[in-house]
Amino acid sequence: MRRTRFRWIAAVSAVLLLNAAVDAARRPRYGGELRIETRAAVYSADPAEPAADPAEQALKTALLCQVFETLVRVDGRGQLEPWLATQWTHEPVRKRWIFSARTGVLLHNGSVWEPPDGIVPAPDNKPITGILRDLSRLVSAIVIRGPDGALAGTGPFRIARWDSGKMARLEAHEEYWQGRPYLDAVEVRMVPALRERLLDLDVAKTDVAEVQVTDLRHLRQQGFVVELSQPTDVLALLFENSRIPIATREALSLAIDRASIYRVLLDRQGDISGALLPQWLSGYAFLFRTERDLPRAKTLSQGAPRLVFDYDREDPLIRSIAERIAVNASEAGLTLRNGGGACDVRLRRLPLMSRNAEQALEDYAGMLGISLPMLSSPYEAERALLKDFRVIPLFHLPVAYALRANVRNWTTISHLDDVWLDTGTKP
Amino acid sequence: MAGHWDQAVTFRTKLLLICSLTVTGAIALDTGAASLATRTAFEKVDGQRRLALLNQFEREMKVRGAEVLAAVQRAAASDAVLRIAAEANRVDPDFASFYNSAQAVAQNTGLDFLDVTRRDLTILSSAHWPVRFGYRNDWANCTPCNSSAAFLARIPMPDGTTAVALAAIRAAGDVLVIGARRLDLAFLKSLGEAPGVRAVLWFSPQEVFDSNGPLRNPAMLEPMAARTMHDGRQSARIGDEAFIAVPLQQRGRTVGVLLAGSSLREQLSLERAILWIGVGVGASGILLGVLLGWWTTEKITRPVEQLALGARAVAAGDWAARVDVASHDEIGELAQAFNRMTGQLLEQRERALQAERVAAWRELARRLAHELKNPLFPLQITVENLQRARTARPEQFEEIFHESTATLLDELKNLRAIIGRFSEFAAMPLPHFERTDVNEIVRSVMKLYAPQITSANIDTVLELYSGELTIEADPEQLRRALGNLVLNAIDAMKHGGTLAVRIRNHLEGWARIEVSDTGEGLTQEEHQRLFTPYYTTKQRGTGLGLAIVQSVISDHHGKITVESEPGKGATFFLDLPATQSSGERV
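Residues numbered from 1 in each chain as written. Chains lettered and ligands numbered in written order. Predicted model: local features only at pLDDT ≥ 70, side-chain atom pairs only at ≥ 80, totals over all residues. Heavy atoms only, no water.

A short note on the overall build of chain B
Which entries qualify depends on this criterion: In DSSP terms, a helix is any run of H or I states spanning at least four residues, a strand is any run of E spanning at least two, and both are numbered starting from the N terminus. Only protein chains enter the area calculation, which uses a 1.4 Å probe; residues under 20% of their type maximum are buried, those over 50% are exposed, and those in between are partly exposed. Residues are treated as being in contact if the distance between any of their heavy atoms lies within 4.5 Å. Accessible surface area values rest on a Shrake-Rupley calculation with a 1.4 Å probe, where residue burial reflects the displayed protein chains alone.
For chain B, the helix and strand inventory stands at 14 helices and 17 strands. Counting over 586 residues, chain B shows a buried share of 42%. Residue pairs at least 24 apart in sequence account for 62% of intrachain contacts in chain B once pairs closer than 6 positions are excluded. Summed over all atoms, the accessible surface of chain B reaches about 32,500 Å², with 56% contributed by carbon and sulfur.

In structure tokens:
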């Protein structure tokens, strides 16, 4: 009887010990330097300077939002929440909003962030939601410029080294008000060539590499961990020549066989979409048409001019999709011929830079150079934006990263403070 | 025309021309024959070269076709294709899994183009145009499609161009493997290795492949290519190349044309060289011919020219002309005969002149006797009457003596006049030539006889020469001759009429004075004896007037003729040469 009890106690103890060991193994560890390779390149570390293209702006925002923080930020659900500001009140007399600064926030240079009177005013020139969206953007981040030009922020990482367009080294901010990040440092190398990134991953020259969604199969076969974000980037056709008739634009929209491209070229990654905002963000993307209508496309394309078509030829996925679009278009009687520089229609990949629907639409409108109509809902605004087929959304693509086995808790590049390296696991 | 040729071209020139034409003709014939022989030889060789190129193309196509077929067979047997075939048969095939498979298989098997398709030619995976999955292969051109031998295919490319390739089809389970290798410039170059020979593959004006590199002007081959595609094999020359064109068939359809061309530059260059050599030799030959001909004709034509000159001299009146030809051939004999002839003519002329002189003297003596006899008879009668009157009728002797002496004096005066005119005719001096204005002579004569003309109720028509017409003449003698003619005309128009004097330049180097009247005209006998001295139709006349005119004209080396019919007046024509000294006409 006692022997049986002892056996039970031993067994339970063993299980508890094992669990504890597993828990210990799973518990985040501090330390380590994470190496990341990205496709896009960022040239300026100054949040106030806008980037040259959307891909750069997306990466810049993702990196620098972890260096320079804003009064307000967008949370995971797309809602605006207080961040460096704790609350805000309206002063009707002085027609301004008063944002109360959070206390105890230390800057990267060791000083305390203390705005005058502990407040940050903002003019009352638009609805508060608009003001909050503006304040949540990187350009509105709290940046202290030193006499030597050095920039100091309040984020979990500080800029240790910046090689414009090539490399950025971020080091942990020990006194971060939310708590030090796990990683000691993050080195971001900007490597445009996919082949080079894959090679570096293979030879362990990097821990994380941005990859194409079409490489997932192959990478998984090789034993790499692949993490996909939600479908965020929208792949769309943009008519840069406003003189192209609407009928031609609609014909092209109806001629594209999205299903085949999705099935074969995208390997069923991402989503087919007729909307700018992804379904998971807006909830109404399915209302925008995506089906092919070849007979109607042929009818609308009669008398259509030849279109000069441009796309990123360095990106093999974009190139394949563009060529397929050209084949689909020719079936409908439309001729798309390759051309660089000034073109009629361009295939673009536009990153999603905010989880707030209104802010995201504003960002897309800015990227596309189109003015966003002031309508009551994002759906109506987006429908107005897309009704003349000047923009033809095709797919929403996730951003894919291949990771070495020791990288833990990776979600996206904009959440490096949650990432840690498991030194017990062989990379 | 022929007559003009005969007149304008000398015998020597004709001879030289004949020699030159003979030489030229011979050389031209030789050059032509050489050129023709060269062309024939070149054409034969070029034709053989082109045929050899065509044969070589066929052989190469067979070899390459076998290679393509073997490569397609390997592709069809590859694991990748088998996987595609297996995946394609599933209910929901994973097309993404073999999207790039065809590229890998094509690389491994050395194919430039590879489509793996279903049996209905729907593309499952494409090497050269991956994004055409799901579309129908449009270059295999087979319905239904099964394994096939190699065939020529025109494959559309993503950039809108068309590639030409040798293709084959193999079945692999439920899929077809359609592979091809490009017919590129290297293949064409291997056909046309020989210099001056090239191969051109023609599919359309925009799809032309030349072993020598890009064609500068593909449009120049278009007509021949179009004819070949329509009518079959053709041969033609285009520019400086000769082509043979054969149609290229694919499954009974003509898909293109192979043109085998050989350069004609060497042939043309040689022909040009032959031509220039011929021209050079011909020119040299002509020059040599001219020189030889000149030397030869000098030997032949000079004696003939001398004969001709001699004949001309005789015709001009120089019967003493002689031809000095020393040769002993027929020309020499001809010259001697000529000399003999002119000698005989001269003797005959001398004898004739002598006889004329004798006849003239006889005539003169007869006329003189006749003229003198008339006044002498009354003289004799008158003296006899005086003698009779002195003896028979002395009382009337005084009266008869006065009458008779008056008659004697009249007859003596008549005698003196007759003798005076003879003296004048016999003592006519030789003309003293000087530049004389014919218009001026005529004007002065008409002015001199104007009163007589007017008193005879005769109208005058005076047509002087419009320009200046001068001749070498003795103006006095000419006035005298013209005056005699005017007087004769006045005498011929007893009842009035029209006297016309005209000056013409009807022959080069001659002046003609026409004197015409509207008088009684001349009978035939009068016409014949008109210029005989002492012949007259007038009651009172010596008959020497026209003889004097003739003598003057003759001394001026001219000619006088008359046209007349009874009742229609008479026209005298005085033809006078412009020069007298050298004997050549102006």
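Structure's up, so let's keep going.
Re the overall build of chain A
Within chain A, the secondary structure is distributed over twelve helices and 22 strands. In chain A, buried positions account for 50% of the 427 residues. Looking at chain A alone, contacts between residues at least 24 apart form 67% of all its contacts between residues at least 6 apart. Of the roughly 20,200 Å² that chain A leaves accessible, carbon and sulfur atoms contribute 51%.

Points about unusual backbone geometry
Residue and element names in this part refer to chain A. Of note, the phi angle at lysine 95 is positive, near 50 degrees, even though the residue is not glycine. Relative to the assigned elements, lysine 95 resides in the loop between β4 (85-91) and β5 (96-101). Relative accessible area serves as the criterion here: at 57%, lysine 95 is assigned to the exposed category. Positive phi values are uncommon outside glycine, yet arginine 268 reaches one of about 60 degrees. Inspection of the secondary structure assignment puts arginine 268 in the loop between α7 (258-265) and β15 (271-272).

Description of the sheet that holds strand β6 (residues 119-123) of chain A
Residues and elements named next belong to chain A. How we decide: We treat two strands as partners when DSSP finds at least two bridges between them. Note on method: axes are straight lines fitted to C-alpha atoms, helices fitted across the in-contact stretch only, with angles between N-to-C directions ranging 0 to 180 degrees.
One open sheet holds the three strands; their spatial order is β4-β5-β6, and the pairing between them is antiparallel. Looking at which strands have only one partner, the edges of the open sheet turn out to be β4 and β6. Ignoring which end each strand starts from, the neighbouring axes of this sheet average 25 degrees apart. The pairing of β4 with β5 spans six bridges and is classified as antiparallel. Pairing of glutamine 87 across the sheet is with serine 100, part of β5. Sheet strands touched by helix α3 (residues 128-135): β4, β5 and β6. Its angle to β5, the strand with the most contacts, is close to 45 degrees.

Section: the interface of chain B and chain A
Here is the rule: Once two parts are put together, the accessible area they lose, assessed with a 1.4 Å probe and summed over both, is termed the buried area. Any carboxyl oxygen of Asp or Glu within 4 Å of a side-chain nitrogen of Lys or Arg constitutes a salt bridge here. For the purposes of these results, a polar contact is taken to be a pair of N or O atoms within 3.5 Å, where, inside protein, one atom must be able to donate a hydrogen and its partner to accept one; residues adjacent in sequence count only when each atom of the pair is a side-chain atom. Each residue gets one label: Ala, Val, Leu, Ile, Met, Phe, Trp, Tyr, Cys and Pro are nonpolar, Asp, Glu, Lys and Arg are charged, and the others, such as Gly, are polar.
Taken residue by residue, the interface counts twelve residues in chain B and 14 residues in chain A. Across the chain B to chain A interface the summed buried area is about 1,100 Å²; carbon plus sulfur atoms make up 59%. Broken down residue by residue, the surface that chain B buries against chain A is led by Val131, Phe133 and Tyr135 of chain B, which jointly contribute 48%. Counting across the interface, chain B meets chain A through one salt bridge. Between arginine 217 of chain A and aspartate 94 of chain B there is a salt bridge; the shortest N-O distance is 2.8 Å. The interface formed by chain B and chain A contains six residue pairs in polar contact (both at pLDDT 80 or more). Taken together, the residues of the side of chain B that touches chain A break down into eight nonpolar, one polar and three charged.

Some points on the side chain of aspartate 310 of chain A
Residue and element names in this part refer to chain A. Take aspartate 310: it is sitting in strand β16 (residues 307-310). Of the residues examined, aspartate 310 reaches a relative accessible area of 8% and is grouped as buried. When sequence neighbours within four positions are dropped, the list of residues in contact with aspartate 310 reads Gly339, Gly340, Gly341, Cys343, Val345, Arg346 and Leu347.

Quick word on the sheet that holds strand β12 (residues 208-211) of chain A
By definition, the strands of a sheet pair up through backbone hydrogen bonds, in either a parallel or an antiparallel sense. Residues and elements named next belong to chain A. If you trace the seven strands from one edge of the open sheet to the other, you get β9-β10-β11-β1-β12-β20-β13, paired in mixed fashion. The open sheet has two edge strands with one neighbour each: β9 (157-163) and β13 (225-228). If you compare each strand with its neighbour and ignore which way they point, the axes differ by 20 degrees on average. Relative to strand β20 (residues 400-403), β13 is paired through four bridges, and the arrangement is antiparallel. By the bridge assignment for β20, leucine 228 is matched with alanine 400. Sheet strands in contact with helix α4 (residues 194-202) are β1 (33-38), β11 (185-190), β12 and β20, and its direction is about 150 degrees off that of β12.

Here's the deal with a nonpolar patch on the surface
Convention followed: Exposure above 30% relative accessible area and the lack of any salt bridge qualify a residue for a patch; like charges then connect within 9 Å, and the nonpolar side chains Val, Leu, Ile, Met, Phe, Trp and Tyr within 5 Å.
A surface patch of nonpolar side chains, about 360 Å² in accessible area, is lined by Trp8, Val12 and Leu16 of chain A. For leucine 16 of chain A, the location among the structural elements is in helix α1 (residues 2-26).

A few points about the packing of aromatic side chains
The criterion, for reference: In this analysis, rings of Phe, Tyr and Trp, with Trp reduced to its six-membered ring, are considered paired at centre separations within 6.5 Å, and the interplanar angle assigns stacked below 30 degrees, edge-to-face beyond 60, and tilted for intermediate values. The criterion is that NZ of a Lys, or CZ of an Arg, lies within 6 Å of the ring centre and within 35 degrees of the ring normal, and then a charge sits over that ring.
Per the counting criterion, the structure on display carries twelve aromatic pairs over all chains. For the pair phenylalanine 95 of chain B and phenylalanine 98 of chain B, a centre-to-centre distance of 5.7 Å together with 75 degrees between the ring planes defines the contact as edge-to-face. A single burial state applies to phenylalanine 95 of chain B and to phenylalanine 98 of chain B, both of which are buried. Through a chain of ring-to-ring contacts, three or more aromatic side chains come together here, namely Trp83, Tyr176 and Trp177 of chain A. Between the NZ or CZ atom of arginine 313 of chain A and the centre of the ring of tyrosine 311 of chain A, over which it lies, the distance is 4.5 Å. For the cation-ring pair, arginine 324 of chain A lies above phenylalanine 133 of chain B, with the distance from its terminal atom to the ring centre recorded as 3.8 Å.

Brief notes about helix α14 (residues 545-555) of chain B
Side chains three or four residues apart in an α-helix point the same way, a direct result of the helix having 3.6 residues per turn. Listed as buried for α14 of chain B are Leu546, Ala547, Ile548, Val549, Val552 and Ile553 of chain B. Histidine 557 of chain B sits one or two residues past α14 of chain B and shows a positive phi near 60 degrees.

So, the nonpolar core
Where we set the bar: Nonpolar cores are built from buried Ala, Val, Leu, Ile, Met, Phe, Trp, Tyr and Cys residues. Side-chain atoms within 4.5 Å join them into one set.
One finds Leu237, Leu252, Ile325 and Leu347 of chain A to be the most contacted residues of the largest nonpolar core, which totals 97 residues. Considering each element in turn, this core owes the most residues, ten residues, to helix α2 (residues 11-76) of chain B. Sequence-distant contacts of leucine 347 of chain A, that is, excluding residues within four places in its chain, are made with Leu235, Ala236, Leu237, Phe309, Asp310, Tyr311, Ile318, Ile321, Ala322, Ile325 and Leu394 of chain A. In terms of nonpolar packing, the next biggest core, distinct from the first, is built from 42 residues, Val442, Tyr449, Leu499 and Leu546 of chain B among them.

Quick notes on the pairing of strand β14 (residues 233-239) of chain A
All names here are of chain A. Burial analysis of β14 places seven of its seven residues in the buried class, which makes it a mostly covered element. Judged by which residues are buried, β14 turns out to be covered on both faces: Asp233, Leu235, Leu237 and Phe239 on one side and Val234, Ala236 and Leu238 on the other are all buried. Where β14 and strand β18 (residues 345-350) come together, six bridges link them in antiparallel fashion. By the bridge assignment for β18, valine 234 is matched with leucine 350.

Topic: helix α4 (residues 101-109) of chain B
All names here are of chain B. Formally: Here, the arc refers to the directions that run from the helix axis to the C-beta atoms.
Within α4, burial applies to Ser101, Ala102, Val105, Ala106 and Thr109. With its buried residues spanning 130 degrees around the axis, α4 presents them on a single face. In α4, the exposed positions that point more than 90 degrees away from the buried face belong to Gln107 and Asn108. The inward-facing, buried residues of α4 contact α2, α3 (79-88), β1 (113-118), β2 (123-126) and β5 (175-182). A positive phi of about 75 degrees marks glycine 110, the residue just after α4.

What about the confidence of the model for chain B?
Residues and elements named next belong to chain B. The following threshold applies: As a per-residue measure, pLDDT reflects the predictor's confidence and takes values from 0 up to 100.
The pLDDT averaged across chain B works out to 83; a share of 92% of its residues lies at or above 70. Low pLDDT, under 50, characterises residues 582-586; the predicted model gives this stretch ten contacts beyond four residues in sequence or across chains. Overall fold confidence (pTM) sits at 0.63, and the ipTM for the predicted complex is 0.80.

Observations concerning the packing of α7 of chain A against helix α10 (residues 316-331) of chain A
The axes of two packed helices give the description: the angle between them and the distance between them. All names here are of chain A. Heads up, the rule is: Here the angle decides the label: under 35 degrees means roughly parallel, over 145 means roughly antiparallel, 65 to 115 means roughly perpendicular, and every other value means oblique. By the definition used in this description, the sense in which the near helix is turned from the far one sets the handedness, with an anticlockwise turn below a right angle giving left-handed and a clockwise turn giving right-handed.
Running from amino to carboxyl end, α7 crosses α10 at an angle of 150 degrees, the nearest separation of the two axes being 11 Å. In terms of axis orientation, α7 runs roughly antiparallel to α10. Crossing of α7 over α10 shows right-handed handedness. Two secondary-structure elements touch here, α7 through Ser260, Ile261 and Leu265 and α10 through Leu317, Ser320, Ile321, Arg324, Ile325 and Asn328. Per-class residue counts for the contact of α7 with α10 are five nonpolar, three polar and one charged.

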